[in-house]
Amino acid sequence: MHTKELPIGVFDSGIGGLTVVRQIRNILPNEEIFYLGDTARVPYGTKSQETVIRFACEDAQFLIEKGVKAVVVACNTASAWSLPVLSKRFGLPICGVIQPGAEAALISSRSKRVGVIGTAATVRSKAYKSALRDRLGKVQVFAQACPLLVPLAEAGWFMHPVTLKVLEEYLMPLVIEQIDTLILGCTHYPLLKRAIRKVLKQIAPHPIQLIDSAESCAVHVRRRLTELDLLSTSSAIGPIHPFVTDEPSRFCRMSRQFLGFPVPAPELVQLKESRG
Ligand code: DGL
């Protein structure tokens with residue numbers, strides 16, 4: 001088979017990365033996608049750099065052995081820690097969410113005061129901060145870890161009063177810093193966009209632009225594949241093949257919310273341990 005017609009591999013710590021698949025599907029509907037959710041080891045956002053890198057290598061290796069033409073690291077935490085290692089180790093295009101999100105934020109921000117929300121590990125990594133600063137030294141970056149948001153999104157509490165209250169707590173320090181742009185630096189946050197907008201409207205004196213890292217990642221993937229002449233030439237809708245490392249039934253229950261349309265039941269797989 002010609003390389004162009006091979007699938008794109010996408011991985012995440014769990015089901016959240018389906019928000020990235022959703023955006024890729026929106027703008028590249030003819031691409032076949034292999035999606036790996038490492039549901040046995042989720043969350044990555046509470047884990048150490050070494051562990052996240054090891055898991056990310058195993059995830060990428062799995063997809064590469066399945067014969068993908070490119071790997072998309074949908075997980076912000078895995079992108080934050082492992083992108084340089086993956087790019088060095090594997091000889092095919094690897095796309096993450098951090099750089100595209102940072103680029104979109106710089107285009108959107110007038111005041112160059114940018115907020116970032118993400119898991120504790122993503123914030124600790126300072127990956128968004130470095131990506132923003134590499135492009136524009138004088139940008140001010142304010143990051144906030146939001147560990148309660150992933151469980152709230154997975155519980156489906158998108159507009160629940162508890163979620164709104166938690167968001168207010170997390171977002172207030174960023175509003176005080178007068179950010180004009182906020183990067184949603186986690187796979188799950190697109191599901192909370194409406195709630196985030198509502199809270200910001202209540203607590204911020206000026207409008208704050210939201211940057212959906214899933215959306216900017218999909219645009220980046222299209223650009224990379226175009227540059228490398230790797231876009232599929234098929235005119236049919238590309239199928240999506242999900243794989244999980246634990247509990248396929250949970251994936252089946254929740255995937256529709258993250259993706260917006262149904263997918264086939266995932267295949268349960270075991271990943272090979274990497275040498276680190
Ligand atoms: N997928 C993770 C991220 O985008 C969130 C869930 C986790 O902590 O593994 O950072």
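Higher on the page you've got the structure.
Definitions and cut-offs
- Residues numbered from 1 in each chain as written.
- Predicted model: local features only at pLDDT ≥ 70, side-chain atom pairs only at ≥ 80, totals over all residues.
- Heavy atoms only, no water.
- Phe/Tyr/Trp six-rings, centres within 6.5 Å; stacked < 30°, edge-to-face > 60°.
- Helix = DSSP H or I, 4+ residues; strand = E, 2+ residues; numbered from the N terminus.
- Buried < 20%, exposed > 50% of the residue type's maximum accessible area, 1.4 Å probe, protein only.
- Lys NZ or Arg CZ within 6 Å of the ring centre and 35° of its normal.
- Near = heavy atom within 4 Å.
- Polar contact = N/O pair within 3.5 Å; in protein donor to acceptor, adjacent residues only side chain to side chain.
- Areas by Shrake-Rupley, 256 points an atom, 1.4 Å probe, with all protein chains shown as cover.
- 1 Å grid on protein atoms, 1.4 Å probe; cavity = no way out; pocket = protein on both sides within 12 Å on 5 of 7 lines; lining within 4 Å.
- Sits in = over half its atoms within 2 Å of the grid points.
- Nonpolar A, V, L, I, M, F, W, Y, C, P; charged D, E, K, R; others polar.
- Pairing = 2+ DSSP bridges.
- Right-handed = clockwise from strand over helix to strand, strands pointing away.
- Points joined across faces, edges and corners; volume = space filled by probe spheres on them.
- Contact = heavy atoms within 4.5 Å.

Peer 1: Teacher, can you tell me more about the packing of aromatic side chains here?
Peer 2: How two aromatic rings sit relative to each other is given by the distance of their centres and the angle of their planes. Considering all chains together, one arrives at four aromatic pairs under this definition. Judged by centre distance (6.3 Å) and plane angle (40°), the rings of Tyr35 and Phe251 are tilted. Taken together, the residues Tyr35 in strand β2 (residues 33–37) and Phe251 in helix α11 (residues 248–259) connect sequence positions 216 residues apart. Owing to a relative accessible area of 1%, Phe251 belongs among the buried residues under this scheme. Seen from their ring centres, Tyr44 and Phe55 are 5.4 Å apart, and the 50° between their planes marks the pair as tilted. Of this pair, Tyr44 sits in the loop between β2 and α2 (49–65) while Phe55 is found in helix α2, placing the two residues eleven residues apart along the sequence. Just as Tyr44 is buried, Phe55 falls in that class too. Through a chain of ring-to-ring contacts, three or more aromatic side chains come together here, namely Phe34, Phe62 and Phe243. A cation over an aromatic ring shows up here: Arg41 above the ring of Phe55, its NZ or CZ 3.8 Å from the ring centre.

Peer 1: Is there a simple way to think about the site of the ligand in this case?
Peer 2: If you check the shell around the ligand, you find Asp12, Ser13, Val42, Pro43, Tyr44, Gly45, Cys75, Asn76, Thr77, Thr119, Cys186 and Thr187 and nothing else. Here an oxygen atom of the ligand and a backbone polar atom of Gly45 are 2.8 Å apart. Interatomic distance of 3.0 Å between a backbone N/O atom of Asn76 and an oxygen atom of the ligand. When the ligand sits alone it has 290 Å² of accessible area, and the protein chains cover 98% of it. Using a 2 Å cut-off from the grid points, one finds that the ligand occupies the largest pocket. When grouped by side-chain class, the residues that make up the shell around the ligand number five nonpolar, six polar and one charged.

Peer 1: How should I be thinking about the pairing of strand β8 (residues 209–212) in this particular structure?
Peer 2: Side-chain direction in a regular strand flips from residue to residue, so the side chains alternate between the two faces of the sheet. Judged from the four bridges that link them, strand β7 (residues 181–185) and β8 form a sheet pairing that is parallel. Its bridge partner being in β8, Thr181 is matched across the sheet by Gln209. Handedness of the crossover is the feature at issue here: the chain leaves β7, passes through helix α9 (residues 193–203), returns alongside β8, and the resulting connection is right-handed.

Peer 1: Explain unusual backbone geometry here, please?
Peer 2: One can expect most non-glycine residues to show negative phi and most peptide bonds to be in trans. Geometrically, the link from Val42 to Pro43 is a cis peptide bond, its omega value of 0° lying close to zero. For Pro43, the position within the fold is in the loop between β2 and α2. The phi dihedral of Lys112 is positive, around 60°, even though this residue is not glycine. Along the chain, Lys112 falls in the loop between α4 (98–108) and β5 (113–118). The residue Glu247 is not glycine, and still its phi comes out positive at about 45°.

Peer 1: How should I be thinking about the layout of surface pockets in this particular structure?
Peer 2: Over the atoms rolls a probe the size of a water molecule, and its path tells where empty space is left. There is about 340 Å³ of room inside the largest pocket. As for the largest pocket, its lining consists of 22 residues, of which Pro43, Tyr44, Gly45, Thr119 and Val150 are closest to the centre. At three residues, helix α7 (residues 149–154) tops the list of elements feeding residues into the lining of the largest pocket. Of the residues that constitute the lining of the largest pocket, the class distribution is eleven nonpolar, nine polar and two charged.

Peer 1: I keep staring at the environment of Glu58 and nothing clicks. Help me out?
Peer 2: By the secondary structure assignment, Glu58 is in helix α2. In this structure the C-alpha to C-alpha distance between Glu58 and Lys272, which are 214 residues apart in sequence, comes to 6.5 Å. In contact with Glu58, other than residues within four places in its own chain, are Arg41, Leu271, Lys272, Glu273 and Ser274.

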